[in-house]
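So the chains spell out like this:
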Amino acid sequence: MMRQALHIFKKDVRHLWPAILVVVTLTALFTYLGAYSVPAVRQGASKLDLANGLVLFLMPLGWAYLIAATVHEEVLPGDQQFWLTRPYSWKSLLAAKGLFIVAFVNVPMMLAACVIVQIQGFHIAAYWINLICWQILLTAVWLMPFAALAAVTRNLRQFFVTVLAIAVISYLLELWSSQPALVRSHPFPFYLGLWLGAMWIDYFIVIAVLVTAALLILFLQYSRRRTTIARAISICAVILVFGIPQLLTMQGITALQFRLSKSQVDASSLRITMDLDRKPPKTVSHRGYRGTIQVDIPVRVTGLADGMDLYSDRLTTVIEGPDGKVAQAVGWIVHQDDGYWQEIYVDVPVFQQLKGKQATLRTSTYLTLLGDEKRTQVEPAERQEVAGLGICMRRASNDAQEQVSRGQRDSMLVCFSPFRSPSLFTKTFFVMKALFGNLGESYPEIGPGSYSPYPAEGGISPLVVSIQSNWSSSEPMKVTVATEVPLAHARRDFEVRGLRLGDYAIE
Amino acid sequence: MNCTIRTENLTKRFGTVVAIDSLDLAIPEGAIYALVGPNGAGKTTALKVLMNIFPLTRGRAYVLDVESARLSPREFAQIGYVSENQGMPDWMTVEYFLAYLKPFYPGWDDARSAELLRQFDLPLNRKVASLSRGMRVKAALASSLAYRPRLLVLDEPFSGLDALVRDELIGGLLESADGATVVISSHDLSEIESFASHVGYLEHGQLQFSEEMSLLTNRFREIEITLEHPAPLPTGVPATWLRMETSAEVVRFVETAYDQQRTSAEVRRLFGEVQLSVNPMSLREIFVTLAKGGRKVTREEK
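Residues numbered from 1 in each chain as written. Chains lettered and ligands numbered in written order. Predicted model: local features only at pLDDT ≥ 70, side-chain atom pairs only at ≥ 80, totals over all residues. Heavy atoms only, no water.

### Things to note about the overall build of chain A
Definition in use: Secondary structure counts use DSSP, requiring at least four H or I residues in a row for a helix and at least two E residues in a row for a strand, with both numbered from the N terminus. For every residue, the accessible area obtained with a 1.4 Å probe (protein chains only) is divided by the maximum for its type, and the residue is called buried under 20%, exposed over 50%, and partly exposed between those limits. Contact definition: two residues touch when any of their heavy atoms are within 4.5 Å. The method behind every accessible area is Shrake-Rupley, applied with a 1.4 Å probe, and residues are considered shielded solely by the protein chains displayed.
For chain A, the helix and strand inventory stands at 13 helices and 14 strands. When burial is assessed residue by residue, chain A has 52% of its 507 residues classed as buried. Contacts in chain A between residues far apart in sequence, at least 24 positions, make up 81% of those at least 6 positions apart. For chain A, the accessible surface area stands at approximately 23,800 Å², while carbon and sulfur atoms represent 61% of it.

Following this line, the structure appears as structure tokens:
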């Protein structure tokens, strides 16, 4: 089998060498730019950064072309191809195509990742499992779907028209739905930008659909050439890939995540009750959530060991009025200087109806217990290793002349790690040096880590940006990154009776 | 009788269109079998089902004693298939095309390959894309004969070629077939008449008949009867008489089951003692008769 596969492989190389050359050159460019540019888009980005962005866009196009070209060397749909009545073994043919993809996409990308990760300041030897997992995901997310699509199309034009059609459908769907249900079901869309947590589940379900469909299509086409069935599977897969993010809710995947997680500490003694000794603050920085009224209820958290913190992944409160009617509000639990607060956002009509009445609030919240906080101050113009997080660097924007004329200096903080988002939670504090001692620390930017158990994500770049902040300031800034380890996940349900929403509303 | 190809009740549908309808076919080993019929009769579909290019809808088909749906590289190494509109790897030169195919065939014969190249006068360094239609067919044929296939399937291979090229190809084919079973489909009867040993006639997906060429040409005769006086056509004409027509004292028809004694006796019974002229028919004339007759006439009707 391998002899025939090699024979077919050599023929493909002989014919497709110009395309191979283009893709390998593109990969070399990707390697250089990935190794020497900042792995994030920033204000006033350099030409190198922009070129990196362009190459990241061109890479999948190059792979798509190369994969379609090699698969179309022996077109599968149709009845006039010369090879159909030649003694080809379907396993050899499939192996030849696989070998071609490995040789000219996987291997160059693996080398590129090694170089990029090493030059960006990491020791690639410590990440070989991540590297292999990244290659598998790269194959699952990009290469196999391209191969499957090529297997059900007759020529490059048909292939790229289909790719374009899928891109257009994806864009229209995004316009139509505005945001997937995962985002819609979250109380604060802006907050989701920071929220990684259990989103890997959504991502991996989509990957599982892609891989299953691609494997089925490739098997059907190469072993039996059943194009009609294979095309039907392709259409179903596209519908599922677009449909799954529309159907999955935050509630659902958080619940699943909490079932899957193993705790490092015992969270059984953790309790949340309403703290009747505290009154709601009169002034707070209102986060603004249109159409709702913010209600802050003081809560007491007990059973939390010293040095441990709490992060609220998801909070849902069912409000029952005296007449038995119920409404739902979402929110979170936040830690302020004076203790913990249950912040919920109640729809204005519900609030108006219940604000003066005694209501019962039944809350269900998914919590992550955090501990082992470590702080690192990130100095300007330095690359600093932050344990468990990767490398952080502060850079000034390039257009210094324009900034001098404004009297402000644009800066950015970027933290990145190889192959996957870190599992650590981060808090980034920005404090102007001139104000040290007066205000203490600023309210931090929170970056929850990813709960994914896998050592890689399926992105094109081997580097994943975990923190990216841009700011303009006339004064020097002190930037501190704190990391915390997620130790346990827990769900807690608690009830508050006889509460008047109006007493705790922030209006 | 050993059959290289055998089908039982073979049916192929495309949606609601029945392309092949209950085809029962037996092609003996070593035969040069011409599958003929008008355009759209289902010849190409039948051959593609046999080659497992199309899956069959119903029935069974065996090629080299293997079900067509289970044909493996082992069988394909003994089969040559050349089709009218076959896609070819246009970017390859003729030389590379043959060199590429060689490792697929354990029985590839270099000497024979060289001989075929010489015989067909194929330009080694020319790309397949730049070859004329005739040259492409020659290249395809050379690549299918170099490994001495047990079965050669040719789907309208000579369609659109000039007479010279066609004769060259037929000459080369016969010279190289070397005991192989050859199945050739064509709607041009004159091109296969000279060399086919068996013939099958397919129309609207149905096999009208399938038999040895010599038997077929022997049983078809154009009969001309000259009467003493003009007379109406008699009743009780045998079913094997087709295209009966009369003009003044002359009656003409085609006897599809000719037997000198029996046919003469039938004529005498219906017309009395008359002058009888019996003329052999070309394959083309036979098929025109059948097509215009619009009916199934098999040997069994005799």
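### Focus on the state of the cysteines
Residues and elements named next belong to chain A. Rules: For the purposes of this analysis, a disulfide is any pair of cysteine sulfur atoms at a distance within 2.5 Å.
The full count for this structure, using the stated rule, is 1 disulfide over all chains. Between cysteine 392 and cysteine 415 runs a disulfide, and the two sulfur atoms are separated by 2.0 Å. Here the disulfide of cysteine 392 and cysteine 415 is right-handed, its torsion about the S-S bond being about 110°. One end of the pair, cysteine 392, is in strand S8 (residues 390-396); the other, cysteine 415, is in strand S9 (residues 409-418), and 23 residues separate them in sequence. Classification of cysteine 392 by relative accessible area gives buried; the value is 0%.

### Here we look at the interface of chain B and chain A
Just so we agree on the cut-off: Values labelled buried area give the accessible surface lost by two parts on being combined, using a 1.4 Å probe and summing over both. The rule for a salt bridge is simple: a side-chain nitrogen of Lys or Arg has to be within 4 Å of a carboxyl oxygen of Asp or Glu. Side-chain atoms alone can form a polar contact between residues adjacent in sequence; in general such a contact is a pair of N or O atoms within 3.5 Å, and within protein one must be able to donate a hydrogen while the other accepts it.
Contact residues are listed per partner, giving 30 residues for chain B and 20 residues for chain A. Of the roughly 2,100 Å² buried where chain B meets chain A, counting both sides, 62% is carbon and sulfur surface. For chain B, the biggest contributors to the area lost against chain A are Trp91, Tyr100 and Phe104 of chain B; these three give 31% of the whole. Between the two partners, chain B and chain A, sit 1 salt bridge. Counting the contacts that link chain B with chain A gives 9 residue pairs in polar contact (both at pLDDT 80 or more). Looking at the side of chain B that touches chain A, the elements with two or more residues in it are helix H2 (73-76), strand S6 (79-83), helix H3 (94-101) and helix H5 (133-145) of chain B.

### Observations regarding the packing of aromatic side chains
Counted only if it meets this: Two aromatic rings, drawn from Phe, Tyr or Trp (for Trp, its six-membered ring), form a pair once their centres lie within 6.5 Å of each other, and the interplanar angle then sorts them: stacked below 30 degrees, edge-to-face above 60, tilted otherwise.
A complete count under the given rule lists 33 aromatic pairs over all chains for this structure. When the centroid spacing of 5.6 Å and the interplanar angle of 80° are considered together, the rings of tryptophan 90 of chain A and phenylalanine 219 of chain A count as edge-to-face. Of this pair, tryptophan 90 of chain A sits in helix H3 (residues 90-119) while phenylalanine 219 of chain A sits in helix H8 (residues 199-224), and the two are 129 residues apart along the sequence. Here phenylalanine 219 of chain A falls in the partly exposed class, since its relative accessible area comes to 38%. Cluster of aromatic residues (ring-pair linked, three or more members): Trp83 and Tyr88 of chain A together with Trp91, Tyr96, Tyr100 and Phe104 of chain B.

### Considerations on a nonpolar patch on the surface
Residue and element names in this part refer to chain A. Where we set the bar: Every patch collects residues that have over 30% relative accessible area and no salt bridge, joining them within 9 Å if they carry like charges and within 5 Å if they are nonpolar side chains (Val, Leu, Ile, Met, Phe, Trp, Tyr).
Where nonpolar side chains cluster on the molecular surface, the patch consists of Tyr32, Tyr36, Leu48, Val115 and Ile119 and spans about 440 Å² of accessible area. Of all the secondary-structure elements, those providing two or more residues to the nonpolar patch are helix H1 (2-36) and H3. With respect to the helices, strands and loops of the structure, leucine 48 is situated in helix H2 (residues 47-72). Judged by its relative accessible area of 31%, leucine 48 falls in the partly exposed class.

### Observations regarding the nonpolar core
The criterion, for reference: In these notes, a set of buried Ala, Val, Leu, Ile, Met, Phe, Trp, Tyr and Cys residues joined through side-chain atoms within 4.5 Å is what counts as a nonpolar core.
Core analysis: the largest hydrophobic core is formed by 178 residues, its most contacted members being Trp63 and Met109 of chain A together with Met51, Val63, Tyr100, Leu151 and Phe287 of chain B. Examining the composition of this core, we find that 15 residues originate from one element, helix H4 (residues 128-151) of chain A, more than from any other. Among residues more than four places away in sequence, those in contact with tryptophan 63 of chain A are Val23, Val105, Met109, Leu138, Trp142, Leu143, Phe146 and Ile460 of chain A. The next biggest cluster of nonpolar side chains, apart from the first, holds 36 residues, and it includes Val301, Met308, Val350 and Ala359 of chain A.

### Focus: the side chain of threonine 45 of chain B
Residue and element names in this part refer to chain B. Along the chain, threonine 45 falls in helix H1 (residues 43-50). Accessibility expressed as a relative area gives 14% for threonine 45, which makes it buried. If we skip the residues at most four places from it in the chain, threonine 45 touches Lys12, Phe14, Ala19, Ile20 and Phe54.

### Some points on the pairing of strand S3 (residues 32-36) of chain B
Residues and elements named next belong to chain B. Operational definition: Think of it this way: DSSP has to see at least two bridges between two strands before they count as a pair.
Burial runs high along S3: 5 of the 5 residues are buried. Residue alternation in S3 divides its side chains into two sets, Ile32, Ala34 and Val36 and Tyr33 and Leu35, and both sets are buried. Across 5 bridges, the pairing between S3 and strand S8 (residues 181-186) is parallel. When the sheet's bridge partners are listed, leucine 35 is paired in S8 with serine 185. Bridge count for S3 against strand S9 (residues 198-203) is 4 bridges, and the pairing is parallel. Its bridge partner being in S9, leucine 35 is matched across the sheet by glycine 200.

### Overview of the sheet that holds S8 of chain B
Residues and elements named next belong to chain B. The following threshold applies: Each axis is a line fitted through C-alpha atoms, taken for helices only over the stretch in contact, and angles between the N-to-C directions span 0 to 180 degrees.
Overall, mixed pairing links the 6 strands, which are arranged S6-S7-S8-S3-S9-S10 in an open sheet. Both edges of this open sheet fall to S6 and strand S10 (206-212), since each of them pairs with a single strand only. Direction aside, the axes of adjacent strands within the sheet are offset by 10° on average. Against the sheet, H5 engages S6 and strand S7 (151-155), with an angle of about 170° to S6.

### Notes on the sheet that holds strand S11 (residues 221-226) of chain B
Residues and elements named next belong to chain B. Taken in spatial order, the 4 strands line up as S12-S13-S11-S14 in an open sheet, and their pairing is antiparallel. Looking at strand neighbours, the two that pair on one side only are strand S12 (241-247) and strand S14 (275-280), the edges of this open sheet. With strand direction ignored, the average angle separating the axes of adjacent strands in the sheet is 15°. Pairing of S12 with strand S13 (residues 250-255), which is carried by 5 bridges, proceeds in the antiparallel orientation.

### Brief notes about the layout of surface pockets
All names here are of chain A. In plain terms, the rule: Here a cavity denotes grid points, spaced 1 Å and computed from the protein atoms alone, that fit a 1.4 Å probe unable to get out, and a pocket denotes an open set having protein on both sides within 12 Å along at least 5 of 7 lines; residues with an atom within 4 Å of a point are the lining. Grid points are joined across faces, edges and corners, and a volume is the space filled by probe spheres set on the points. Ten residue types, Ala, Val, Leu, Ile, Met, Phe, Trp, Tyr, Cys and Pro, are classed as nonpolar, four, Asp, Glu, Lys and Arg, as charged, and the remainder, Gly among them, as polar.
Considered as a void within the structure, the largest pocket measures approximately 1,400 Å³ in volume. Lining the largest pocket are 43 residues, and of these Ile166, Ser170, Leu210, Val241 and Phe242 sit closest to its centre. Considering every element that reaches the lining of the largest pocket, the biggest residue donor is helix H5 (residues 156-177), with 11 residues. Across the lining of the largest pocket, the residue classes tally to 33 nonpolar, 7 polar and 3 charged.

### Let's talk about H1 of chain B
All names here are of chain B. In terms of burial, H1 is a largely internal element, 7 of the 8 residues being buried. For H1, the set of buried residues is Lys43, Thr45, Ala46, Leu47, Lys48, Val49 and Leu50. Backbone geometry just after H1 places asparagine 52 at a positive phi near 60°.

### Focus: the domain arrangement of chain A
Residue and element names in this part refer to chain A. So the rule is basically this: Residue ranges assigned to each domain were obtained from an automatic or database domain assignment.
In terms of domain boundaries, chain A breaks down into domain 1 (2-248), domain 2 (271-368 + 488-504) and domain 3 (372-485). Across the boundary between the two partners, domain 1 contributes 42 residues, which contact 37 residues of domain 3. Interface of domain 1 and domain 3: buried area, both sides summed, is about 3,200 Å²; carbon and sulfur atoms make up 70% of it. Summed over the shared surface of domain 1 and domain 3, the result is 0 salt bridges. Inspection of the domain 1/domain 3 interface yields 5 residue pairs in polar contact (both at pLDDT 80 or more).

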